[in-house]
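Chain and residue survey
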Amino acid sequence: MTDLEKVVCRRLKPGGGGVNAAIYSAAGPTLEVATKKRARTLSPGKAVVVPLPSSSPLYSREGVTHVVHVLGPNMNPQRPNHLNGDYDEGCRILQNAYSSLFESFISLVGEQSKNKNLHSEKLKTCNYIDTKQTNHFSSDPVIKRECAYEDGSSKKCKGTIEPGDSKVIPHKSAKKMGAEKAWGSWAQALYNIAVHPEKHKNDTFEVTDDVVVLNDAYPKAKKHILVLARLEGLDRLADVSQEHLHLLRTMHGVGINWAKKFLQDDESLIFRLGYHSVPSMRQLHLHVISQDFDSPHLKNKKHWNSFNTAFFLDSVDVIEEVSKNGKASLGGDDRLLSMELRCNRCRSAHPNIPRLKSHIRNCQAAFPAKLLEGDQLIQATN
Ligand code: AMP
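Now for a description of the structure that goes with this document. (Residues numbered from 1 in each chain as written. Predicted model: local features only at pLDDT ≥ 70, side-chain atom pairs only at ≥ 80, totals over all residues. Heavy atoms only, no water.)

Remarks on the pattern of salt bridges
The tally for this structure, following the rule as stated, stands at 7 salt bridges. Between Asp 314 and Arg 272 there is a salt bridge, and its shortest N-O distance comes to 2.8 Å. Here Asp 314 is found in strand 11 (residues 312-314), whereas its partner Arg 272 is found in strand 9 (residues 270-276), with 42 residues between them in sequence. Three or more residues are tied together by salt bridges with common partners; here these are Arg 272, Asp 314, Asp 317 and Lys 370. (Salt bridge = Lys/Arg side-chain N within 4 Å of Asp/Glu carboxyl O. Helix = DSSP H or I, 4+ residues; strand = E, 2+ residues; numbered from the N terminus.)

In structure tokens, the structure reads:
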């Protein structure tokens, strides 16, 4: 460590209002103890890897195994020991910070793949560069990306813990998928309804041996219902194989019947049936959603894009793929959720949700040919 680094290195501690505080808060007090064992201070541009104790909620709930602390350059003139506008030095330190971060990550992956008991896919770290110091450089913390996009989960991300959030319900498929795919307790609501519909009689309006039908609790359109598969272990589309083809067809048929019922009451509605490629809630569920997207619950880009990009997989396409290939291709990942906002009819782009909503209220353009030519849209004339 150089003399300069000795002066500017920072104490590793919880606090601040940003990512650092959020990670410490999510990980609980064990992270502070574990961090102190590894290092008490850190120099700009350097990284320190802290193994997360299994007692940390971030480990048990989310499967995070390590936290990598990284310190960026201090460009903030309000703070002591700042770089006094020296951008060359700032860039050099930032480069070192990212290099240290990725080198730490690579060495962790290497260690884990050596360990036969742990598959490298289980590795999930919370990496961040302390941007309180940098101000002029942004970071993309993994922990933010983990925030799901639905109302229940986004509340959790903001720190509003839902009742019963303090424990993870252990389940077969979480074990099968490894810690990375353990579902938080807020994501279990649909699973609980599918397994015990008799306890949720007020919420459901059709229950059979195969499916449960209910209103989406945070509807993103005038009519938005969910058809839940009841089969245990079928958490999401990625779990679906050829053997589930009959169930997929049953879910589709049930969804179509409900869409047709709703059309009898309001023939202006147009429905689309499909799955989110990366669902936020556990237990395979089909969305049956009217294409007006007229709802106060549709609040942000992620909500819109989850139904209006390739993130939304039409039920008819899923059935066709599974019958041909034995599985659905999950083309869309989380990046689709942050794409620009485009009208679902004329495809015009809009800068924000209020402007998009005011446009779609009046847009009468035809739907894209892909939707019109297939059987993706269910409307009164069908
Ligand atoms: P997905 O992103 O495909 O997992 O969608 C989950 C859906 O479940 C979202 O549309 C949520 O609004 C909805 N949802 C969340 N919690 C509940 C609940 N307790 N009952 C009914 N729907 C819910």
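Details of the packing of aromatic side chains
Scanning the model with the defined rule gives 6 aromatic pairs in all. Ring centres of Phe 205 and Trp 258 lie 4.7 Å apart, and the angle between their planes is 65°; this geometry places the pair in the edge-to-face category. Highlighted residues: Phe 205 in strand 6 (residues 204-207) and Trp 258 in helix 11 (residues 245-265), separated in sequence by 53 residues. Classification of Phe 205 by relative accessible area gives partly exposed; the value is 31%. Aromatic side chains Phe 293 and Phe 307 sit 6.2 Å apart centroid to centroid with 45° between the ring planes, which places their arrangement in the tilted category. With a gap of 14 residues between them, Phe 293 in the loop between strand 10 (285-290) and helix 12 (301-308) and Phe 307 in helix 12 connect regions that are remote in the sequence. Here Phe 293 and Phe 307 have matching classes, each one buried. (Phe/Tyr/Trp six-rings, centres within 6.5 Å; stacked < 30°, edge-to-face > 60°. Buried < 20%, exposed > 50% of the residue type's maximum accessible area, 1.4 Å probe, protein only.)

Remarks on the pairing of strand 4 (residues 66-71)
Burial of strand 4 is extensive: 6 of the 6 residues sit out of reach of the surface. Neither face of strand 4 is exposed, since His 66, Val 68 and Val 70 on one face and Val 67, His 69 and Leu 71 on the opposite face are all buried. Where strand 3 (residues 47-51) and strand 4 come together, 5 bridges link them in antiparallel fashion. Each bridged residue has a counterpart across the sheet, and for Pro 51 the counterpart in strand 4 is His 66. (Pairing = 2+ DSSP bridges.)

Considerations on empty space enclosed by the protein
Following the criterion strictly, the structure yields 2 cavities of 30 Å³ or more and no others. Size it by volume and the largest cavity reaches roughly 50 Å³. Elements with a minimum of two residues in the lining of the largest cavity: strand 9 and strand 10. Taken together, the residues of the lining of the largest cavity sort by class into 4 nonpolar, 3 polar and 1 charged. Considered as a void within the structure, the second largest cavity measures approximately 30 Å³ in volume. Along its surface, the second largest cavity is lined by His 252, Ile 256, Leu 273, Asp 314, Val 316, Asp 375, Gln 376 and Ile 378. Taken together, the residues that form the lining of the second largest cavity break down as 4 nonpolar, 2 polar and 2 charged. (1 Å grid on protein atoms, 1.4 Å probe; cavity = no way out; pocket = protein on both sides within 12 Å on 5 of 7 lines; lining within 4 Å. Points joined across faces, edges and corners; volume = space filled by probe spheres on them. Nonpolar A, V, L, I, M, F, W, Y, C, P; charged D, E, K, R; others polar.)

Observations regarding the site of the ligand
Asp 216, His 276, Ser 280, His 285 and His 287 are the nearest of the 18 residues found near the ligand. Ala 217 has a polar backbone atom sitting 3.1 Å from a nitrogen atom of the ligand. Separating an oxygen atom of the ligand from a side-chain N or O atom of Lys 220 is a distance of 3.4 Å. When the ligand sits alone it has 500 Å² of accessible area, and the protein chains cover 91% of it. Counting only elements with at least two residues in the shell around the ligand, the list comes to helix 10 (189-195), strand 7 (211-215), strand 8 (224-229) and strand 10. A per-class count over the shell around the ligand returns 9 nonpolar, 6 polar and 3 charged. (Near = heavy atom within 4 Å. Polar contact = N/O pair within 3.5 Å; in protein donor to acceptor, adjacent residues only side chain to side chain. Areas by Shrake-Rupley, 256 points an atom, 1.4 Å probe, with all protein chains shown as cover.)

Section: helix 13 (residues 315-325)
Of the positions making up helix 13, those classed as buried are Ser 315, Val 318, Ile 319 and Val 322. Down the axis of helix 13, the buried set is contained in an arc of 100°. They therefore lie on one face. Opposite the buried face of helix 13, at more than 90 degrees from it, the exposed residues are Lys 324 and Asn 325. A positive backbone phi angle near 85° is found at Gly 326, which sits one or two residues after helix 13. (Arc of directions from axis to C-beta.)

Re the state of the cysteines
Here the structure, examined in full by the defined rule, presents 0 disulfides. Of the cysteine sulfurs around Cys 363, a residue in no disulfide, the closest is that of Cys 343, at 3.8 Å. (Disulfide = S-S within 2.5 Å.)

A short note on the packing of helix 11 against helix 13
Running from N to C, helix 11 and helix 13 cross one another at 165°; their axes reach a closest spacing of 10 Å. Relative to helix 13, the element helix 11 lies roughly antiparallel. Handedness of the crossing formed by helix 11 with helix 13: left-handed. In this structure, helix 11 contributes Leu 245, Leu 248, Arg 249 and His 252 to the contact, and helix 13 contributes Ser 315, Val 316, Val 318, Ile 319, Val 322 and Ser 323. When grouped by side-chain class, the residues that make up the contact of helix 11 with helix 13 number 6 nonpolar, 3 polar and 1 charged. (Axes fitted to C-alpha atoms, helices over the stretch in contact; angles between N-to-C directions. Parallel < 35°, antiparallel > 145°, perpendicular 65-115°, else oblique. Left-handed = near helix turned anticlockwise from the far one by under 90°. Contact = heavy atoms within 4.5 Å.)

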